[in-house]
Amino acid sequence: MKRRTVVSWLGGGVLAAGLALAATFFGLQSLEVASWLAGVASLWAALLTLVLARDGIAVASPASAGTAILPSPDAPQVTVPAGSPETVRSASAVPDPAYEARQVAHVRIAAEAWIPYLHRPGVSEGLLRGMPARELCPALAPLDEFLEHALPEIDVEVRTAHRPHDVPADSVARFWTVLLIDSIVQDGGLGLQRWILRETDTILRNEPAAVPRLREMWRWLFDTYLSATAPYRETGLANSLIAEAISQCGGEHKRLYPNVSFLIEIARDDPVTLRRIRDELQQHDAVLRARGSGPATLKRVRILLGRLGAAVGPSVFTPDLVGFSASAICPYPFQAMRYPLRVGDVDLILRRPPGSEPAMPYVLPQDRVDGSAFAGMWRELSNLLGSLPRPPGGDDWRWDIPTVAEWITLSGCVAQPYPWGLDPPTPLHANLKFTPDSRLSPVGAYEAGRSPDDVYDCCGGVHEIVRELPHERFDGDRRFEGAFRLAGGSYLSPPHGVTGQRFRHLSRDDRGDRPSCVGIRLIGYRERDEATRWEALRAYRVGRQKRAAPRMSPRPRPGGDSAQRPARR
């Protein structure tokens, strides 16, 4: 070795001895201080080796570069195994350019020795928000400062307490991420799981500046322990966190929506976890409906379920259907969709990539095509009906738009003006124009507005197009206008003018600048009932015309009230 090397090593030894003597002389009998003095000496030796190697000085032997096991302040001693074959990373005796870029100092830090400090008040909360550890706990200051100066020059690894394995820490933030998550997973109880979920909820709603750090923490937790492909997968932990995250929000939509959206974002590339979130949210949706939750909460649940369905849902159109037996108005059985057709349903039917709002009701375009007001609408209807698979029930079933007789049956409005009964609509029943800023909302959000057969959104949301005549070909707008009607009202309809027993005419001239609000609810019927279906439609129309009493002005009787009215001037 060169003279400078020998002098440096001798100086290091003298420095270490001086530190030890100083500790004894000044009466610092604490093993904690002695341990740290020895740790500083060993760290100085490791850094000196790194500097000498970078200066082109050959290392005398492979034992010159070793692994330092950095203890906590309460640990009794520092272990520096210089020649252990399991932990030593050796340097070549002959320097070469490839070796110059390698890290020759290796420090392994045992998480178990430092986790107790994270349980002190405010420490974990601060780390979760990205605050420096030295500001949170004085005992963590030396370690935090060491990491700040050593990384990335020194190879640092964390030896986890849970299922012990070494995790590289390439930054100070990553080191504290590993330590904090390891403390939660090692504990294994619901207490710390609920703690991180509560803190996550608080940060998402009130502390936007801390969200990037929170996302980094959750991403590492997910990739390491929660995802289906995680190297140390903890299935029970994943299920517990998902269930607790949804349950703790209850019916508060301002908490439920951001928290579940955050989980969906974290698990966006893992279909297994997304399905687990969907299943848990569906159960929560059933609980909320049983409790009588309002539309504000149910709307957001439907939006979240729509997003999850688009990500991991079925690849074919499988609607939720309600069966209806033969009746006096419809003397044949048929099936009807529980909800109006959604954007996500149309994407499946037409085999399009999922859109951004799969839970919203699908709206038919009403743009003019080739000078015709309804050609675009009929083209879209024909495209949808021609792309549908067979309905469940057998090969003799087919899809169609409901007739007015079928719609009044499925809506429950045969003997009452509204699907829910006789009471006028309120904002709890339907999405109508109660305020000037009314807007479209997800299907299935108005629990109080469902029909006796649990069919949703027959009033409000979107008008539903229904058949008035059995026409299939249209040579002009007038014929199309006569063949269809609009049922149920929409979010642009004033509540006082809506009833389930009145059907509105299509109009070529009233579009203006208003957005389209015409939707679809499909029904399934048997092909052998085709003729019976049209006969029932005709009978219903005739009966409806007979029931409509003509409006006639009363004739004035001689000498009656009219004679007593004052003459107009």
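Residues numbered from 1 in each chain as written. Predicted model: local features only at pLDDT ≥ 70, side-chain atom pairs only at ≥ 80, totals over all residues. Heavy atoms only, no water.

## Quick look at the pairing of strand β12 (residues 523–526)
Side chains of β12 alternate between two faces, with Ile-523 and Tyr-525 and Gly-524 and Arg-526 buried alike. Inspection of the sheet shows strand β6 (residues 334–337) paired to β12 by 3 bridges, in the antiparallel sense. Looking at the pairing, Phe-334 lines up with Tyr-525 of β12. Relative to β12, strand β7 (residues 397–400) runs antiparallel, the two being bridged by 4 bridges. Bridging from a neighbouring strand, Asp-400 pairs with Ile-523 of β12. (Buried < 20%, exposed > 50% of the residue type's maximum accessible area, 1.4 Å probe, protein only. Helix = DSSP H or I, 4+ residues; strand = E, 2+ residues; numbered from the N terminus. Pairing = 2+ DSSP bridges.)

## Quick look at the environment of Ser-325
Among the structural elements, Ser-325 can be located in the loop between β5 (321–324) and β6. In this structure, Ser-325 is in contact with Cys-330, Tyr-332 and Pro-333, ignoring residues within four places of it in sequence. (Contact = heavy atoms within 4.5 Å.)

## Overview of the sheet that holds β12
Spatially, β5-β6-β12-β7 is the arrangement adopted by the 4 strands of the open sheet, whose pairing is antiparallel. Sheet topology places β5 and β7 at the edges, where each strand pairs with a single neighbour. Averaged over neighbouring strand pairs, the angle between their axes works out to 25 degrees when direction is ignored. (Axes fitted to C-alpha atoms, helices over the stretch in contact; angles between N-to-C directions.)

## Examining the state of the cysteines
Here is the idea: a disulfide is a covalent bond, and it sits between the sulfur atoms of two cysteines. Counting across every chain of the model gives 0 disulfides. Lacking any disulfide linkage, Cys-413 is separated from the closest cysteine sulfur, that of Cys-458, by 6.9 Å. (Disulfide = S-S within 2.5 Å.)

## Description of the packing of aromatic side chains
A full pass over the atoms with the stated rule returns 14 aromatic pairs. Geometrically, the ring pair formed by Trp-407 and Phe-503 is edge-to-face, given 5.9 Å between the ring centres and 75 degrees between the ring planes. Of this pair, Trp-407 sits in helix α17 (residues 404–410) while Phe-503 is found in strand β10 (residues 503–505), placing the two residues 96 residues apart along the sequence. (Phe/Tyr/Trp six-rings, centres within 6.5 Å; stacked < 30°, edge-to-face > 60°.)

## As for the pairing of strand β8 (residues 463–467)
β8 sits mainly inside the fold: 5 of its 5 residues count as buried. Here β8 shows no split at all, with His-463, Ile-465 and Arg-467 on one side and Glu-464 and Val-466 on the other all buried. In this sheet, strand β11 (residues 518–519) lies alongside β8 in parallel orientation, the contact comprising 2 bridges. Bridging across to β11, His-463 finds its partner in Val-518.

## Quick word on the packing of helix α12 (residues 253–266) against helix α13 (residues 271–290)
Angle between the axes and distance between the axes are the two parameters that describe a pair of packed helices. The contact between α12 and α13 brings their axes to 10 Å, and the two run at 160 degrees. The angle between the axes of α12 and α13 places the two elements in the roughly antiparallel class. Across the interface between the two elements, Leu-256, Val-260, Leu-263 and Ile-264 from α12 touch Leu-274, Ile-277, Leu-281 and His-284 from α13. (Parallel < 35°, antiparallel > 145°, perpendicular 65-115°, else oblique.)

## Section: the confidence of the model for the chain
A residue-level look at the chain finds 76% of positions with pLDDT of 70 or above and a mean pLDDT of 82. Segment residues 25–32 is flagged for pLDDT under 50; beyond a separation of four residues in sequence, or across chains, it makes 6 contacts in the model. For residues 75–95, every residue scores under 50 in pLDDT, and the model assigns this stretch 43 contacts once sequence neighbours within four places are set aside. (pLDDT = per-residue confidence, 0-100.)

## What about the packing of helix α9 (residues 190–206) against α12?
Between α9 and α12, whose axes approach to 10 Å, the crossing angle comes to 105 degrees. As summarised for this structure, α9 and α12 are arranged roughly perpendicular, according to the angle between their axes. Contact residues: Leu-197, Thr-200, Asp-201, Leu-204 and Arg-205 in α9; Lys-254, Arg-255, Pro-258, Asn-259 and Phe-262 in α12. Split by residue class, the contact of α9 with α12 holds 4 nonpolar, 2 polar and 4 charged. (Nonpolar A, V, L, I, M, F, W, Y, C, P; charged D, E, K, R; others polar.)

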